[in-house]
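The lines below spell out each chain.
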Amino acid sequence: MHDFVTKEIRNIYSSYDGWSCTMKETGSGYDSIAVLERRNGGHRECVRVLVSFENTLPVPLPEALTRPERTSDGTPLRFSYAVMVPANADTSSLPAGVKIYTMRSFAFEGKKLIWVKKPVRKEDAVKVAV
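What you see is a predicted model, and the numbers here were worked out from it, not measured in a lab. (Residues numbered from 1 in each chain as written. Predicted model: local features only at pLDDT ≥ 70, side-chain atom pairs only at ≥ 80, totals over all residues. Heavy atoms only, no water.)

Q: Account for the layout of surface pockets, with residues named and values stated.
A: Over the atoms a probe the size of a water molecule is rolled, and this reveals where empty space is left. Its boundaries defined by the atoms lining it, the largest pocket holds a volume of some 290 Å³. Along the walls of the largest pocket sit Phe4, Lys7, Glu8, Asn11, Arg104, Ser105, Trp115, Val116, Lys117 and Lys118, which together make up its complete lining. Of all the elements, helix 1 (residues 2–12) adds the most residues to the lining of the largest pocket, at 4 residues. Here the lining of the largest pocket is composed, by residue class, of 3 nonpolar, 2 polar and 5 charged. (1 Å grid on protein atoms, 1.4 Å probe; cavity = no way out; pocket = protein on both sides within 12 Å on 5 of 7 lines; lining within 4 Å. Points joined across faces, edges and corners; volume = space filled by probe spheres on them. Helix = DSSP H or I, 4+ residues; strand = E, 2+ residues; numbered from the N terminus. Nonpolar A, V, L, I, M, F, W, Y, C, P; charged D, E, K, R; others polar.)

Encoded structure:
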């Protein structure tokens, strides 16, 4: 599950743009925190993304997500955080202004978490244009 999520996070925060990603476990179920960092224009940028597979998010958000860190080298730090949840998850408990990313690989049908697969080709043979 985390492989699909890591791929989706890297599509948003690309290594081409200088982002490096590390995943950290939160200790509560399948939830984890993706820590993304890069240097941009003399600043160090840090984004933490809480990845949750729950239908409703924990209130308040974990301190490990919202607590900004200090730089040891004295460069200014730009810190932000976001949440990534499966499609159709209840995000009404989140505070205003928090970025919410929706997973393309997982969704909720009612209260059940499902894996969203790519559609399968309907025909056995591929038609060749002549």
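After that view of the structure, there is still more to cover.
Q: How would you sum up the packing of aromatic side chains? Please name residues and give values.
A: In this structure the tally under the stated criterion is 6 aromatic pairs. Pairing Phe4 with Phe106 gives two aromatic rings, centres 6.2 Å apart and planes at 80°, and the pair type is edge-to-face. In this pair, Phe4 sits in helix 1 while Phe106 sits in strand 5 (residues 99–109), placing the two residues 102 residues apart along the sequence. A relative accessible area of 36% means that Phe4 is categorised as partly exposed. Under the relative-accessibility criterion, Phe106 is labelled buried at 5%. Relative to Tyr81, the ring of Phe79 lies with its centre 6.4 Å away and its plane at 40°, an arrangement referred to as tilted. Here the aromatic residues Phe4, Phe53, Phe106 and Trp115 are joined through ring pairs into a cluster of three or more. (Phe/Tyr/Trp six-rings, centres within 6.5 Å; stacked < 30°, edge-to-face > 60°. Buried < 20%, exposed > 50% of the residue type's maximum accessible area, 1.4 Å probe, protein only.)

Q: Explain the side chain of Arg44 to me, and be specific about the residues and the numbers.
A: The residue Arg44 is located in strand 3 (residues 43–51) in this model. A distance of 2.8 Å separates the side chain of Arg44 from the side chain of Glu37, its partner in a polar contact. Contacts of Arg44, omitting those with residues within four sequence positions, involve Glu37, Arg38, Arg39, Glu69, Arg70, Thr71, Thr75, Pro76, Leu77 and Arg78. (Polar contact = N/O pair within 3.5 Å; in protein donor to acceptor, adjacent residues only side chain to side chain. Contact = heavy atoms within 4.5 Å.)

Q: Let's hear about the environment of Asn11: which residues, and what values?
A: Mapped onto the elements of the fold, Asn11 is located in helix 1. Expressed as a C-alpha distance, the spacing of Asn11 and Leu36, which sit 25 residues apart in the sequence, is 12 Å.

Q: So, the sheet that holds strand 2 (residues 32–40): which residues are in play, and what are the values?
A: Taken in spatial order, the 6 strands of this open sheet run 1-2-3-4-5-6, and their pairing is mixed. Since the sheet does not close on itself, it has two edges, and those belong to strand 1 (20–25) and strand 6 (112–115), each with one partner. The average angle at which neighbouring strand axes cross in this sheet is 35°, direction not considered. When strand 2 meets strand 3, the two strands line up antiparallel, connected through 9 bridges. Bridging across to strand 3, Ala34 finds its partner in Val49. Contacts from helix 1 reach strand 1, strand 2, strand 3, strand 4 (77–87), strand 5 and strand 6 within the one sheet, and its direction differs from that of strand 5 by about 145°. (Pairing = 2+ DSSP bridges. Axes fitted to C-alpha atoms, helices over the stretch in contact; angles between N-to-C directions.)

Q: Explain helix 1 residue by residue, including any values.
A: Three or four residues apart is the spacing at which side chains of an α-helix point the same way, because the helix has 3.6 residues per turn. Of the residues making up helix 1, those classed as buried are Val5, Thr6, Glu8 and Ile9. The buried residues of helix 1 occupy an angular sector of 160° when projected down its axis, which confines them to one face. Along helix 1, exposed side chains directed more than 90 degrees from the buried face belong to Asp3, Lys7 and Asn11. Packed against the buried residues of helix 1 are strand 1, strand 2, strand 3, strand 4 and strand 5. (Arc of directions from axis to C-beta.)

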